[in-house]
Amino acid sequence: MQCLHCSKQVCIDCAQKHVELSNQQIEAAKQVLANKINVLDRLVVAAKERVKIEREKIIQQADTERDRAFIQIDELYEQQKKQLQDKSTEMHQLGLDKISSYIQRMTNEIEDLNEDNQQLFCVIGTPVELIFYIFRYLDAPTIVRSVRRVCKQFYTIVPTYDRFQLNFKSILKSDFHLLCNLVESRNVEVLTLSDDDETPGQIEYFISTFCIDQFIRLRKLTLYEIDNCYLHIILTNIKTSELNSLSIYSKRDYSQDNTTAVDLASAIVLPRLLTFHLNIPSFDVTNIAWPFQCTIKHLEICCHSFDGYCNFLYHLPNLQTLVVEQLHVNDLEQIKAKLTEFEPVNQLTSLTLKYSLIDMAILELLLSLTPLLKHLGLVRAVSLHAFISHLSEWEKFIGTRMLLLKKFEFFLIDDQNHILPELDPESYIASFRTPFWTEMKKWFITCDCITDSNSSTILLYSSSFFDPQFEYVLMNGVRKMRLNIVEVMSQVTSSQNGFPNNVLFPQLDELKLCISDKWPLVPDYVRHVVLSVSTVDHMHMVLRQLKHRPTIRFEYPNPIT
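The shown structure was predicted, so the numbers you read here are calculated from the model rather than taken from an experiment.

Basis of the calculations
- Residues numbered from 1 in each chain as written.
- Predicted model: local features only at pLDDT ≥ 70, side-chain atom pairs only at ≥ 80, totals over all residues.
- Heavy atoms only, no water.
- Phe/Tyr/Trp six-rings, centres within 6.5 Å; stacked < 30°, edge-to-face > 60°.
- Helix = DSSP H or I, 4+ residues; strand = E, 2+ residues; numbered from the N terminus.
- Disulfide = S-S within 2.5 Å.
- Buried < 20%, exposed > 50% of the residue type's maximum accessible area, 1.4 Å probe, protein only.
- Pairing = 2+ DSSP bridges.
- Right-handed = clockwise from strand over helix to strand, strands pointing away.
- Axes fitted to C-alpha atoms, helices over the stretch in contact; angles between N-to-C directions.
- Parallel < 35°, antiparallel > 145°, perpendicular 65-115°, else oblique.
- Left-handed = near helix turned anticlockwise from the far one by under 90°.
- Contact = heavy atoms within 4.5 Å.
- Nonpolar A, V, L, I, M, F, W, Y, C, P; charged D, E, K, R; others polar.
- Polar contact = N/O pair within 3.5 Å; in protein donor to acceptor, adjacent residues only side chain to side chain.
- Salt bridge = Lys/Arg side-chain N within 4 Å of Asp/Glu carboxyl O.

(A) Just the packing of aromatic side chains, in detail. Counted according to the given criterion, the structure contains 35 aromatic pairs. Between Phe 411 and Phe 470, the aromatic rings sit 5.5 Å apart at their centres with planes inclined by 55°, giving tilted as the arrangement. One end of the pair, Phe 411, is in strand β12 (residues 407-416); the other, Phe 470, is in the loop between β14 (456-462) and β15 (480-484), with 59 residues separating them in the sequence. Grouped by ring-pair contacts, the aromatic residues Phe 387, Trp 394, Phe 397, Phe 408, Phe 410, Phe 432, Phe 436, Trp 437 and Trp 443 constitute a single cluster.

Quick look at the structure:
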């Protein structure tokens, strides 16, 4: 027989099988359609259920707003009622000669109090969620000291805001105590504590007032210049599972401490900890037992040895970004021997080495452990001249061993104790005008040369990158300067830093200082000073503290007292 579809000759058995197969396919397709209809029915039910849930939330929010509005209306009623009662009391206390004028004035004042005035108890409520969103862009002292006093609504909701970011570094003592008294620990999301020269004893007071495990919503904790005893108390009491960032910075001596490593090991196993900064130069990080269950993805740490460096790579399986400071490895043969024990790691995608002393050959060996890097940063980590002399080898290494590297940033300097007359920044830049840098990678370089009477400094760095800790000083020609030193002087005159030994402004004739209530010492070579003062006592204080007698002009914005 002939097939009606393709006009081919087929037997009856084949035709029947073909029909049966088609029927089976039709039934299967119908079953699929039926299943999809059932899925559609379930989706409708789920959608309606979501609408009901959202309706209940809206009703609950509306009831909350209604109750809040009723409270505000009752408060306004009590205020108005008390004002009227006070007027009545005051009227009965007046003399007969004053009653008539008082009644006339009172009548004018309460004239708007009538049933036609619907604005008297008009309560316009801003959604709390919107107010809390605005709070994210304000610091905690502004929220508590200023915003809270704007109106009764703000006064009521500020204590319920649960995303406070408390930064107690360089904070005024009055603000510190205000926040400690008015902000509940359960509402703090970010906390910064500091025992530096500006806020000595702050952490001790804080620990005596609060227990760190009360901060149940804490997500980020930063500690500056903390003693090991207080660090032990804080780390052993951190129980919040919400903490995702922990930072510790201290220049204090931890070299003889035997407990910090254990405390750190107990803290870094927190289930949601993703970012960890540890900058304690005196502490040996090789003593930390890095547990394999660490969730850390971003690590910034001060490490001095190759063994410590390898510990990060092979004991943190989730590590993606690593920043290492003060890594000093110079034994090439030892590094080669140890590298035979390790396999390359594939999880790390970003590596930055800072303030280190690394040979170029050793740097290539270190990078061979992380071949899948997408970002590499070098901040004063290698010698500038060594980098330039190995530039062709470096290009070949990147082109063959670091195929995924998309972003390479560096900042290198070379200090000379004498001036080089033939110094030409163009000669440094010329080495980077090759197709590899300008076309293939599009990595553009800047070279600066700073010279003074005694020395010269060469800066070579990526055009979009700069070391924030580098002091760019070129001040020989400065003759007149206006300086706001409210924040700077606390650092310059601290017991640790002291005044700089070298003269930064040798040609300075006139200095105008903007200060608050702290008066700094003026260098002896300054001959003319302009000061803004508000009191006579301030003027006397200035004159008493001047060791020499420059020409002084006092300015005052308001009448002096």
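There is more to say, and it comes next.
(B) Region of the structure containing the state of the cysteines. What the rule picks out here adds up to zero disulfides. For Cys 302, which is in no disulfide, the shortest distance to another cysteine sulfur is to Cys 303 and amounts to 7.8 Å. The class for Cys 302 is buried, based on a relative accessible area of 1%.

(C) Representation of the pairing of strand β5 (residues 275-279). Across five bridges, the pairing between strand β4 (residues 245-249) and β5 is parallel. Residue pairing for β5: Leu 246 is matched across the bridge by Phe 276. Tracing the backbone out of β4, into helix α9 (residues 260-267) and back to the parallel element β5 gives a crossover that is right-handed. In terms of strand pairing, β5 meets strand β6 (residues 298-302) through four bridges, oriented parallel. Bridging from a neighbouring strand, Phe 276 pairs with Leu 299 of β6.

(D) Inspection of the packing of helix α8 (residues 228-237) against α9 at higher detail. Taken N-terminus to C-terminus, the directions of α8 and α9 make an angle of 25°; their axes are 9 Å apart at the nearest point. Comparing their axes, α9 and α8 come out roughly parallel. For the element pair α8 and α9, the recorded crossing hand is left-handed. Along its contact with α8, which presents Asn 228, Leu 231, His 232, Leu 235 and Thr 236, the element α9 presents Thr 260, Asp 263, Leu 264, Ser 266 and Ala 267. Its residues assigned to classes, the contact of α8 with α9 comprises four nonpolar, five polar and one charged.

(E) How the structure looks around the environment of His 328. Along the polypeptide, His 328 turns up in strand β8 (residues 328-329). Look at His 328 and you get partly exposed, because its relative accessible area is 41%. Spatially, the C-alpha atoms of His 328 and Ala 381 are 9.1 Å apart, while their sequence positions differ by 53 residues. With residues near it in sequence (within four places) discarded, His 328 still touches His 304, Tyr 355, Ser 356 and Leu 357. Within the local environment of His 328, its side chain forms a polar contact with the backbone nitrogen of Leu 357, the two atoms lying 3.3 Å apart.

(F) Representation of the pattern of salt bridges in the model. Following the criterion strictly, the structure yields 17 salt bridges and no others. Across the pair Asp 86 and Lys 82 runs a salt bridge whose closest N-O atoms are separated by 3.1 Å. Remark: Lys 82 and Asp 86 occur in helix α1 (residues 12-92); sequence separation between them is four residues, near one turn of the helix. One salt bridge connects Arg 380 with Asp 467, and the closest N-O pair in it is separated by 2.6 Å.

(G) Molecular detail of the packing of helix α11 (residues 332-339) against helix α12 (residues 360-367). Running from amino to carboxyl end, α11 crosses α12 at an angle of 15°, the nearest separation of the two axes being 10 Å. For the element pair α11 / α12, the angle class is roughly parallel. Between α11 and α12 lies a crossing whose hand is left-handed. From α11, Leu 332, Ile 335, Lys 336 and Leu 339 reach across to α12, where they touch Ala 361, Ile 362 and Leu 365. Here the residues of the contact of α11 with α12 are counted per class, giving six nonpolar, no polar and one charged.

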